[in-house]
Amino acid sequence: MNTLLDEIIIILQRGGITGAAAEAASIVRAAQASATTDHTNAARAMAKRRATGIPLAYVTGHKMFMGIDLIAAEGALVPREETEFLGNAALDFLRASGSVAPRVIDMCCGSGNLACAIAHYMPAVRVWASDLTDDCISVTRRNIEHVGVSDRVVAVQGDLFAGLSVHALEGTIDVIVCGPPFISQKKLATDSAWLLEHEPREAFDGGPYGLSIQQRVVKEALPFLRTGGTLFFENGIGQERQTKMLFDRTKAYDDIQLVVDTAGEVRVISARKRAG
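Residues numbered from 1 in each chain as written. Predicted model: local features only at pLDDT ≥ 70, side-chain atom pairs only at ≥ 80, totals over all residues. Heavy atoms only, no water.

### Some words on the sheet that holds strand β9 (residues 266-273)
Inference 1: Pairing within the open sheet is mixed, and its seven strands lie in the order β5-β4-β3-β6-β7-β9-β8. Since the sheet does not close on itself, it has two edges, and those belong to β5 (153-157) and β8 (253-260), each with one partner. Within this sheet the neighbouring strands show an average axis-to-axis angle of 20°, counted without direction.
Inference 2: Pairing between strand β6 (residues 173-178) and strand β7 (residues 225-234): five bridges, direction parallel. Residue pairing in the sheet places I173 in a bridge with L225 of β7.
Inference 3: The strands that helix α6 (residues 113-121) touches are β3 (103-107), β4 (126-131), β5 and β6; relative to β4, the one it contacts most, it runs at about 175°. (Pairing = 2+ DSSP bridges. Helix = DSSP H or I, 4+ residues; strand = E, 2+ residues; numbered from the N terminus. Axes fitted to C-alpha atoms, helices over the stretch in contact; angles between N-to-C directions. Contact = heavy atoms within 4.5 Å.)

### Here we look at the pairing of β9
Inference 1: Counting buried residues in β9 gives six out of eight residues, a clear majority hidden from the surface.
Inference 2: Across five bridges, β7 lies against β9 in antiparallel orientation. Across the sheet, residue T230 finds its bridge partner in β9, namely R272.
Inference 3: Looking at chain direction, β8 and β9 are connected through six bridges and run antiparallel. Bridging across to β9, Q257 finds its partner in S270.
Inference 4: Linking β8 to β9, which pair antiparallel, is a turn of five residues; within it G264 sits at a positive phi near 85°. (Buried < 20%, exposed > 50% of the residue type's maximum accessible area, 1.4 Å probe, protein only.)

### Let's talk about the pairing of β4
Inference 1: Along β4, five of the six residues are buried, which leaves the element largely enclosed by surrounding structure.
Inference 2: Crossover handedness for the path β3 to α6 to β4: right-handed.
Inference 3: For β4 and β5, the ladder comprises five bridges, and the chain directions are parallel. Bridge pairing in β5 links D131 to Q157.
Inference 4: Handedness of the crossover is the feature at issue here: the chain leaves β4, passes through helix α7 (residues 134-147), returns alongside β5, and the resulting connection is right-handed. (Right-handed = clockwise from strand over helix to strand, strands pointing away.)

### Brief notes about helix α10 (residues 240-250)
Inference 1: T243, L246 and F247 are the residues of α10 that are buried. Taken around the axis of α10, the buried residues stretch over an arc of 95°, which confines them to a single face. Structural note: α10 exposes R241 and R249 on the side pointing more than 90 degrees away from its buried face.
Inference 2: For α10, the secondary structure elements touched by its buried residues are α9 (212-220), β7, β8 and β9.
Inference 3: Phi for K251, located one or two positions after α10, is positive at around 60°. (Arc of directions from axis to C-beta.)

### Points about the side chain of T230
Inference 1: Among the structural elements, T230 can be located in strand β7.
Inference 2: Setting aside its immediate chain neighbours within four residues, T230 contacts F93, D174, V175, I176, L225, S270, A271 and R272.

### Some points on the nonpolar core
Inference 1: The biggest cluster of nonpolar side chains holds 31 residues, and the ones touching the most others in it are I118, V127 and V177.
Inference 2: Looking at this core, the elements that each hand over two or more residues are β2 (68-71), α5 (84-97), α6, β4, α7, β5 and β6.
Inference 3: Per element, the largest residue contribution to this core is six residues, and it comes from α6. (Core = buried A, V, L, I, M, F, W, Y, C linked by side-chain atoms within 4.5 Å.)

See below:
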């Protein structure tokens, strides 16, 4: 086993992978779990894929998020550690609300990581997860089964809220979480172009200013939120002022809140639907 691990480390190092030792251990474990016979060759094949720059989660087929093992697959964004700020902020709000049977929409759900995590940690919650692409909905549905929350989480395909229209959710939702694409098209064409090498453009492309989806969600969420319900966005670094302006312009939200990380960067911005 040590010989195989050392071999995998060398393959990764030759590919310029930092943290090769930890990643090699993950690859060996994944190969043992997935290969029915020859896990040695399976591990070598995985390592060679990773050495080309393919994200580790796509190689192993799994990613931990908020303490939960999730399925990862190409076509859906690999869940990011920083998105846990959004999940935890939503959970804190729901726990404090005292709602007996809270209702949540996970908008732009990607692989369903937020929907599954919220359902896992709140046994009474119902969640509707929405995304546009076939790949995202496919991975989300696999994760719903994998995490064991299929009795309380539904994956719906459509353009933002369009797919939810048949579920009679208007005016009933306690929380909407949204991890929108928030990188501008200019940055995706220059400094951030590397992001598109292996992951889907839809997960990053936020339009000319990185705010196209937020502009729509702020308005389109209102019919679904109950009075006092709250919309949570994952925040692109430095975008909190613009997002606050979007909330303010509707004149339909109040109690705007920010969640910052240890470096002082705003990771989450939320606002509550006001009465009337």
